[in-house]
Amino acid sequence: MATDTAGTAQPTLVLVGHGMVGQRFLEAAAERGLTGTHRVVVLCEEPRPAYDRVHLTSYFSGTTPDELSMTDPEFIDKHGIELYVGDPAVVVDRDARVVHARSGLKVAYDTLVLATGSYPFVPPVPGKDATGCFVYRTIEDLYAIEDYAKNNATVGAVVGGGLLGLEAAGALQGLGLATHIVEFAPRLMPVQVDEGGGAALLKTISDMKIDVHTGVGTQEIVTDDASGAVRGMKLSDGSELATDLVVFSAGVRPRDQLARDMGLSVGERGGITVDERCRTSDPDVFAIGECALAADGRVYGLVAPGYEMALTAAAAIAEESTEASFTGADLSTKLKLLGVDVASFGDAHGATAGCLDVVYSDSRSGTYKKLVIGSEGELLGGILVGDAEAYGTLRALTGTVPPVAPEALVLPAGAGAPAQLGPDALPADAVICSCHNVTKGEICEHTSLPEVKKCTKAGTGCGSCVKLIGQLLPKSGDGGLCGCFGHTRQELYEIVRVKRVTAFAQLLDEHGREAARGGEGCEICKPAVGSIIASLAPSIGADGYVLDGEQAALQDTNDHFLANLQKNGSYSVVPRIPGGEITPDKLIVIGEVARDFGLYTKITGGQRIDLFGARVDQLPMIWTRLVDAGFESGHAYGKSLRTVKSCVGQTWCRYGVQDSVRMAIDLELRYRGLRSPHKLKSAVSGCARECAEAQSKDFGVIATANGWNLYVGGNGGMTPRHADLLAQDLSDAELIRLIDRFLMFYIRTADRLERTAAWLDRIDGGLDHVRDVVVHDSLGICDELEALMRAHVAHYRDEWAETLDDPERLSRFVSFVNAPDTPDPTVRFVPERDQIKPELPLIPLEGLAVR
Amino acid sequence: MTIAPEKTTVMVQLGLDDAWLSVCELDRLTPGRGVAALLPDGRQAAVFLDRAGRVHAVDNTDPFTGAAVLSRGLLGSALGRPFVASPLLKQRFDLETGRCLDDDTVSVRAYAVRAAQA
């Protein structure tokens, strides 16, 4: 094949390696106009372009490889970048200045950038290559581990108790394996934490039923004579550990082989030698990221220094006059490993002469915090285990004398800590996002998180600073619900609950904004308060029936007519089909009703049937037929529980491990009619294959061999979010109790129209806080939450059956108050695909403002 | 045979071009909500009762969607003036003038309305 020199007019820039750092380099190159002046060619070894390796483990909690991707095809296209995926560079001929790729492709370069990353270090022990031995570095590694674990393993061991080792252990446990960690050092995470931190970590991780073996080395992988597969490992203390699978996660080494073959200078212990501008010993060749031995003599295995090198190299190639240089980096890290926060920053191990420690340690809760203080009282660094809440603030304060005494920064709230240091105390030049080196001052120029992310890239690296950024941004408005109430929904909920307010007018007149008292309220607060009163109805002595009394005037039209208003003024009707299970007879009734009333029918995403095109005056007749056949309201119109979707489960499916249909029916019948800040969706899957898509629901349940896993805060829609695992291996009763608490806590604390996903992301402390409250009862309110749910369940009534029984209530279902027998002539339909569709009047819609 | 005492009914009446049209008894209205009334010329009116006992009426057709649904919107007030929010896309209309509060270029017809003994 001829050397590919297309576009010889332009110099060619070749990037070898398309990982996170490689991608960051491309972005930096584009920002500096290099993609315009150069032909840019990228050789990527892995079968997929750059993805988020930092969050690799999230694959096991449901993040897909697509979601991990960091490569926007539009970006690649727009900048004319030639990206060759699955085609690594194999040889570089420096004399001819040509890169040879595995496919035979040859690319002539003017400038070459090596971003080849690192490879997992596998200790040279006998048996290390046996079937069942893996490393933990790429998505392909994860696939291989997952595949092998499912079919061949019940016990797994991770060699290495560092950062990646703990991640790998979490993954193995998530795959259902009994999990061991073997660490040669006397503690876990020896690089990041000291002895005290290691002890706190050990306590928490042992509590998770992961067996930790520290201070022992791996001497041999023992294999089965017949199959050659792993069956155990021999340890340096003479013991033997039985295991079916081994993951080596004992550190990484720079991938510098290509550079060595090219004759570039490399360090004694590996790493391509570069100068402060990331140039190798060949001035036309740069090296960035984990493959490079930086000017300070270190190889950095973190993404933030890699990004900084990417920027440095791009600036050098663009011949920017600004002296961007890389002379070393802060090794601060904050991680959540196996649910434990671990952070270290600055001089974490107290290497500075004359420094002193302030330590807080509580081994009962697995919390350990150490600050290293210099002789002048300045904060030099620290270690946080179990509670890394203060990480962002502390890291930003590093190098300065903190405005409060250091002990106040580590003591838990309420334990004599005089003040919690907020982000307000940070100086403007404090670095908030260390991945992208963004300061507080730069962040404070913006007003929203999306804007900050877009303009500064802050918060788009490891994400650990997102919370702090949120605290720095201005709060919108005064936080009040609407023009009528200065209180938030949560505050109104508390007022209604404590004062037992059962009437909207009373609430408005006593607690509304001055100017709004005595008024009507508005379309925002009326349904919100109606929902609060309905949720609390049995406990505050209000009528839970949403059509009665003053409450009737609070409901949106959908709740008022117990049906969903469609664009031409007709309604749709959704009978409840719990769990999606329905008898043929009932199915026939739905079909007959739809046929007799000429309704358009469609299967919904929630495993039920939507009947469209009913006029308001037809609703009672339609529901009379449905209620007679045993149907009840599906609450498709309410901010309330919609459906609990299910897969067919253990009863029929050869993979199922629990009866998902029964559980879905139980849950749907328990929570039907529950009014909440927004709609609630749920699903139950009978096995980990997750056919019911429970992880996209507000609360989702997935069967395990031992019970049920509960996921919360999932969402589809405009901003999809995978649900977070709240608790594992629950019995039926434990599951229901936890959902009771979770839902009632959500109803109590969420904003109006705030789905659980947004709520979990917004609420202080996030998932951990919610778990503390609903699992560990940290606020002591669980009894009350359960009692509220019991009251809801006991007082549930079918709104449609009640409506049909009451002529007073039925009287509103008329077309015209003065001509009840005349159907609304403006509700018209035309045929489409053998059914009906609305015939709409011609109204020009463009330019109309929609609030 | 007993004769039932005469009951006085208060009717809601809309002011059309030249006459008052009775649409329903005042009792039929729920404060904070509306009803639809069919007018002799085929148009529709949305009739509301507010907390203070005042009756309001505007055309029932939502100008943004063309659907006759304003009677099913929620009544509210802003700066002491009552409005209805369309149940479809939530634009608000002043009940006294018919003016859309969210788009100056749009309005609906407002009807004179009274509660009168019949």
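Before any of the text, the structure's been laid out above.
All figures in this text were calculated on a predicted structure; none of them were measured in a lab.

(A) Up close: the packing of aromatic side chains. Per the counting criterion, the structure on display carries 16 aromatic pairs over all chains. Seen in terms of ring centroids, tyrosine 59 of chain A and tyrosine 143 of chain A are 5.7 Å apart; in terms of plane orientation they differ by 75°. Their pairing is edge-to-face. Of this pair, tyrosine 59 of chain A sits in the loop between strand S2 (39-44) and helix H3 (65-68) while tyrosine 143 of chain A sits in helix H5 (residues 139-152), and the two are 84 residues apart along the sequence. Overall, tyrosine 59 of chain A belongs to the buried group, its relative accessible area being 14%. Look at tyrosine 671 of chain A and phenylalanine 699 of chain A: their rings are 5.8 Å apart centre to centre, the planes differ by 85°, and that puts the pair in the edge-to-face class. Taken together, the positions of tyrosine 671 of chain A in helix H21 (residues 660-671) and phenylalanine 699 of chain A in strand S34 (residues 699-704) put the pair 28 residues apart, joining distant regions of the chain. Through a chain of ring-to-ring contacts, three or more aromatic side chains come together here, namely Phe561, Tyr571, Trp623, Trp800 and Phe813 of chain A. The aromatic ring of phenylalanine 121 of chain A is capped on one face by arginine 253 of chain A, whose charged end is 4.0 Å from the ring centroid. We note arginine 92 of chain B situated over the ring of phenylalanine 83 of chain B; from NZ or CZ to the ring centre the distance is 5.5 Å.

(B) How the structure looks around the pairing of strand S12 (residues 211-214) of chain A. Residue and element names in this part refer to chain A. Summarising the sheet, strand S11 (residues 178-183) and S12 pair through four bridges and their orientation is parallel. In the sheet register, isoleucine 181 faces S12, and the bridge partner there is valine 212. In terms of handedness, the path from S11 via helix H7 (residues 195-207) over to S12 forms a crossover that is right-handed.

(C) Broad picture of the pattern of salt bridges. Enumeration over the complete set of coordinates arrives at 55 salt bridges over all chains. Between arginine 97 of chain A and aspartate 110 of chain A there is a salt bridge, and its shortest N-O distance comes to 3.9 Å. Linking arginine 97 of chain A in the loop between strand S4 (89-93) and strand S5 (98-101) with aspartate 110 of chain A in the loop between strand S6 (106-108) and strand S7 (111-114), this pair joins segments that are 13 residues apart in sequence. With a relative accessible area of 29%, arginine 97 of chain A lands in the partly exposed category. Look at aspartate 110 of chain A and you get partly exposed, because its relative accessible area is 30%. The salt bridge involving glutamate 96 of chain B is made with arginine 81 of chain B; its shortest N-O contact spans 3.7 Å. In this pair, glutamate 96 of chain B sits in the loop between strand S8 (92-94) and strand S9 (110-117) while arginine 81 of chain B sits in strand S7 (residues 81-85), placing the two residues 15 residues apart along the sequence. Residue classification places arginine 81 of chain B among the partly exposed positions, given a relative accessible area of 36%. Taken together, the shared-partner salt bridges connect Arg24, Glu27, Glu31, Arg32 and Lys457 of chain A into one network.

(D) Region of the structure containing the side chain of histidine 38 of chain A. Residues and elements named next belong to chain A. Along the chain, histidine 38 falls in the loop between helix H2 (34-37) and S2. Among the polar contacts listed, one links the side chain of histidine 38 to the side chain of threonine 37, at a separation of 2.8 Å. Histidine 38 has contacts with Gln10, Pro11, Thr12 and Leu13, leaving out every residue within four places of it along the chain.

(E) Spatial organisation of the sheet that holds strand S14 (residues 230-235) of chain A. Residue and element names in this part refer to chain A. Read from one edge of the open sheet, three strands run S13-S14-S15, paired in antiparallel fashion. Of all the strands in the sheet, the pair left with one neighbour each is strand S13 (218-223) and strand S15 (240-242). When strand polarity is set aside, the average angle formed by the axes of neighbouring strands in this sheet is 25°.

(F) Quick peek at the pairing of strand S38 (residues 835-838) of chain A. Relative to S38 of chain A, strand S37 (residues 829-832) of chain A runs antiparallel, the two sharing four bridges. When the sheet's bridge partners are listed, glutamate 832 of chain A is paired in S38 of chain A with glutamine 835 of chain A.

(G) A look at the interface of chain A and chain B. With 44 residues of chain A at the interface, the matching set in chain B holds 37 residues. Both faces combined, the contact of chain A with chain B buries some 3,300 Å², and carbon together with sulfur accounts for 56% of it. Our enumeration of links across chain A and chain B arrives at one salt bridge. Notably, a salt bridge pairs aspartate 509 of chain A with arginine 51 of chain B, separated by 2.4 Å at the nearest N-O pair. The interface formed by chain A and chain B includes 14 residue pairs in polar contact (both at pLDDT 80 or more).

(H) Representation of the sheet that holds strand S35 (residues 707-712) of chain A in the model. All names here are of chain A. Ordered by their spatial adjacency, five strands build an open sheet running S32-S33-S34-S35-S36, and the pairing between neighbours is mixed. This sheet does not close on itself; its edge strands, each paired only once, are strand S32 (641-646) and strand S36 (724-730). Across this sheet, the average inter-strand angle for adjacent strands is 15°, counted without regard to direction. Sheet topology note: the strand S33 (residues 680-685)/S34 ladder contains four bridges and is parallel.

(I) Structural context of helix H9 (residues 303-317) of chain A. All names here are of chain A. The end-to-end C-alpha distance of H9 is 21 Å, a good match for the 21 Å that 15 residues give at a rise of 1.5 Å each. Of all 15 residues in H9, 13 are buried; the element is thus mostly enclosed. Glutamate 319, located one to two residues past H9, shows a positive phi value of around 55°.

(J) Spatial organisation of the environment of serine 69 of chain A. All names here are of chain A. Note on placement: serine 69 falls in the loop between H3 and helix H4 (73-78). Serine 69 sits 19 residues away from alanine 50 along the chain, and the two C-alpha atoms are 6.2 Å apart. With near-sequence residues (within four places) excluded, serine 69 lies in contact with Ala50 and Tyr51. Among the polar contacts listed, one links the side chain of serine 69 to the backbone nitrogen of threonine 71, at a separation of 3.2 Å.

What counts as what
- Residues numbered from 1 in each chain as written.
- Chains lettered and ligands numbered in written order.
- Predicted model: local features only at pLDDT ≥ 70, side-chain atom pairs only at ≥ 80, totals over all residues.
- Heavy atoms only, no water.
- Phe/Tyr/Trp six-rings, centres within 6.5 Å; stacked < 30°, edge-to-face > 60°.
- Helix = DSSP H or I, 4+ residues; strand = E, 2+ residues; numbered from the N terminus.
- Buried < 20%, exposed > 50% of the residue type's maximum accessible area, 1.4 Å probe, protein only.
- Lys NZ or Arg CZ within 6 Å of the ring centre and 35° of its normal.
- Pairing = 2+ DSSP bridges.
- Right-handed = clockwise from strand over helix to strand, strands pointing away.
- Salt bridge = Lys/Arg side-chain N within 4 Å of Asp/Glu carboxyl O.
- Polar contact = N/O pair within 3.5 Å; in protein donor to acceptor, adjacent residues only side chain to side chain.
- Contact = heavy atoms within 4.5 Å.
- Axes fitted to C-alpha atoms, helices over the stretch in contact; angles between N-to-C directions.
- Buried area = accessible area lost by both parts, 1.4 Å probe.
- Expected span 1.5 Å × (residues − 1).

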